Amino acid sequence: MAPVGDLYESLRMELRRGSLTLGVLARLREERYGYSLRQALADDGLEMEESTLYPLLRRLEAQGLLVSEWREEDRRKKRFYRLSAEGEVMLVRLLKEWRAIGVSLEKIIDL
């Protein structure tokens, strides 16, 4: 049997995984580069390591939900990300599902 701390951490990470994806999609309604996205999420209380963020961005782009381009800003090349048209549709659908789940969980938790 796994120690309680290990089990908690595993379940916590599972719970966060979908939340992080939804947070990234929502924040990328406005174009951002990786570091500024990470800061915006952290400012809202959704902190994420670079080792989590960049693979997530690559996966979402490969799934067609994001588009990106390299540009120079402040004499440095940065990769800017934003939602694709498909990403905008997916965000609306996921937010609807997220809200429905939240309503259901509130009913269950308050029993």
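Let us look at the structure shown here. Owing to the predicted nature of the structure, the values given are computational and were not obtained by experimental measurement.

Conventions used here
- Residues numbered from 1 in each chain as written.
- Predicted model: local features only at pLDDT ≥ 70, side-chain atom pairs only at ≥ 80, totals over all residues.
- Heavy atoms only, no water.
- Pairing = 2+ DSSP bridges.
- Helix = DSSP H or I, 4+ residues; strand = E, 2+ residues; numbered from the N terminus.
- Salt bridge = Lys/Arg side-chain N within 4 Å of Asp/Glu carboxyl O.
- Buried < 20%, exposed > 50% of the residue type's maximum accessible area, 1.4 Å probe, protein only.
- Phe/Tyr/Trp six-rings, centres within 6.5 Å; stacked < 30°, edge-to-face > 60°.
- Lys NZ or Arg CZ within 6 Å of the ring centre and 35° of its normal.
- Patch = residues over 30% accessible without salt bridge, like charges linked within 9 Å, V, L, I, M, F, W, Y side chains within 5 Å.
- Areas by Shrake-Rupley, 256 points an atom, 1.4 Å probe, with all protein chains shown as cover.

### Some remarks on the pairing of strand S3 (residues 76–83)
In this structure, strand S1 (residues 32–33) lies alongside S3, joined through two bridges in antiparallel fashion. The residue bridging Tyr-33 from the neighbouring strand is Phe-80, located in S3. One ladder, built from eight bridges, connects strand S2 (residues 66–73) with S3; its direction is antiparallel. Looking at S3, one finds that Trp-70 is bridged to Arg-79.

### Thoughts on the pattern of salt bridges
One side chain can pair with another of opposite charge once the charged atoms of both are near each other. Tallied over the full model, the rule gives nine salt bridges. The salt bridge involving Arg-27 is made with Asp-44; its shortest N-O contact spans 2.2 Å. Of this pair, Arg-27 sits in helix H1 (residues 4–27) while Asp-44 sits in the loop between helix H2 (34–43) and helix H3 (50–62); the two residues are 17 residues apart in sequence, bridging distant segments of the chain. Look at Arg-27 and you get partly exposed, because its relative accessible area is 26%.

### A closer look at unusual backbone geometry
One non-glycine residue, Asp-74, lies in positive phi territory at about 55°. The phi angle at Arg-75 is positive, at roughly 60°, despite the residue not being glycine. Mapping Arg-75 onto the fold places it in the loop between S2 and S3.

### Section: the packing of aromatic side chains
Each aromatic ring pair is characterised by the separation of its centres together with the angle its planes make. Within the structure shown, the criterion is met by one aromatic pair. Taking the centre distance of 5.5 Å and the plane angle of 70° together, the rings of Tyr-33 and Phe-80 count as edge-to-face. Remark: Phe-80 occurs in strand S3 and Tyr-33 occurs in strand S1; sequence separation between them is 47 residues. Exposure remark for Phe-80: the relative accessible area of 6% places this residue in the buried category. The cationic tip of Lys-78 hangs over the ring face of Tyr-33; the distance from NZ or CZ to the ring centre is 4.1 Å.

### Quick word on a nonpolar patch on the surface
Judged by side-chain polarity, Ile-101, Leu-105, Ile-108, Ile-109 and Leu-111 come together as a nonpolar surface patch covering roughly 560 Å² of accessible area. By secondary structure assignment, the location of Ile-109 is in helix H4 (residues 85–109). Note on Ile-109: relative accessible area 60%, which makes it exposed.

Any functional reading would require information that these geometric values do not contain.
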